[in-house]
Amino acid sequence: MAKKKANNIVISDEELTPTTLGTYSNKGRSPIIVFFILAIFLLIAFYMPDIQKSINKFLGKESNTNNNNTPSTPDTPDTPDTPDTPDTPTDEEIKYDISTETIIDGEKFSIDNINFNASVLTLRVVPKTSVDLNSYFIELYNADNTFLGRVKLSDETLSADNPTTYYYSAPVESSKLSLVKKTLDDYPEVTLSYNDKNEGIMTCKNALGEEYIYTFVGNQLSKIVYTFKYSSSDENYDGAYNNYLELDSKYKAIDNVSSSLISSDNGFDYTLSLNLDNVSQEDIKQIVFEGIYKIKTQAKEVKFISEAKNYTCNF
């Protein structure tokens, strides 16, 4: 039988004595090294998410989490801006029912007594102070809020406590309206064709047969020719003829204005012609026709406002 080999363990009661293996000098460099190590640690901690993302991407495990370890939402592609179309109203405009019970209460005036009958819209403007209505329009909608067209509220300036009732021709489907204020910037641009004299022509005509021929020089209004043919078969012929006879006599007296009224068995033809460069602004104010505009008015303003007065414009 083989003998077991015994390991002799010597136990000493003597106190352990530290043994020096070597020495390390840590004089002036110790703080710099500690700071350097700390800076490296902070940089690693700060950029750890990016480092982890790069590692995941390299390994084909790109994460869909953000810095807070919560799932991130994929970026939504930018939606192309929709060009402004000032000729089409926005849904932000308040639409009111066309009803005698509807009251539109504004800062400077209110509108009430709204009624619609046989394609004629009637409303009353009640001014609270002196107010110029020239920039205000009524925009019309059907029951489904589809835009039908617009009418110009008025060219007048009303004084306080002077309620005035207005009448407009409107589409038969009209059941709602909104009150909007528009400036020149809101009117769509128009492009005229110019001749070798730099003149552009726009013709606007309404259902009654009234026609305006506008001449623009460099996109600024320069000349206006108004014509109107009235049939003698119309039941209101006598009243219309006497009215135009009076206007003809009045406008003939204005310098540089050409006015002509020619009657026949079939009715009468009236023509008014004026070169705005040669007629004073005060004299132009005497002409009551609704299609008369100031000299140098832009083509887009003439078209926008004329169409709001139920004219069809071509150029």
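Our subject in this report is the structure included herewith. (Residues numbered from 1 in each chain as written. Predicted model: local features only at pLDDT ≥ 70, side-chain atom pairs only at ≥ 80, totals over all residues. Heavy atoms only, no water.)

1. Overview of the overall build of the protein
Working step 1: For the protein, the count of helices and strands is four helices and 16 strands.
Working step 2: A burial count over the protein gives 31% of its 315 residues as buried. (Helix = DSSP H or I, 4+ residues; strand = E, 2+ residues; numbered from the N terminus. Buried < 20%, exposed > 50% of the residue type's maximum accessible area, 1.4 Å probe, protein only.)

2. Concerning the pairing of strand β10 (residues 176-181)
Working step 1: Alignment of strand β1 (residues 96-97) against β10, held across two bridges, turns out to be antiparallel. Bridge pairing in β10 links D97 to K176.
Working step 2: In this sheet, β10 lies alongside strand β6 (residues 136-141) in antiparallel orientation, the contact comprising six bridges. Residue pairing in the sheet places I138 in a bridge with L179 of β10. (Pairing = 2+ DSSP bridges.)

3. Describing the sheet that holds β6
Working step 1: Taken in spatial order, the four strands of this open sheet run β1-β10-β6-β7, and their pairing is antiparallel. Edge positions in the sheet fall to β1 and β7 (147-152), since each of these pairs with one other strand and no more.
Working step 2: Along the sheet, helix α4 (residues 299-308) contacts β6 and β7; its crossing angle with β7, the most-contacted strand, is approximately 100°. (Contact = heavy atoms within 4.5 Å. Axes fitted to C-alpha atoms, helices over the stretch in contact; angles between N-to-C directions.)

4. Regarding the pattern of salt bridges
Working step 1: One pass over the structure, following the stated rule, counts twelve salt bridges.
Working step 2: We note a salt bridge from D112 to R124, for which the minimum N-O separation is 2.7 Å. Of this pair, D112 sits in strand β3 (residues 109-117) while R124 sits in strand β4 (residues 120-127), and the two are twelve residues apart along the sequence.
Working step 3: Classification of D112 by relative accessible area gives buried; the value is 13%.
Working step 4: Here E189 and K300 are joined by a salt bridge, their closest N and O atoms 3.0 Å apart. Remark: K300 occurs in helix α4 and E189 occurs in the loop between β10 and β11 (199-205); sequence separation between them is 111 residues.
Working step 5: The class for K300 is buried, based on a relative accessible area of 8%.
Working step 6: Several salt bridges converge on common partners, so that one network encompasses E139, R150 and K182. (Salt bridge = Lys/Arg side-chain N within 4 Å of Asp/Glu carboxyl O.)

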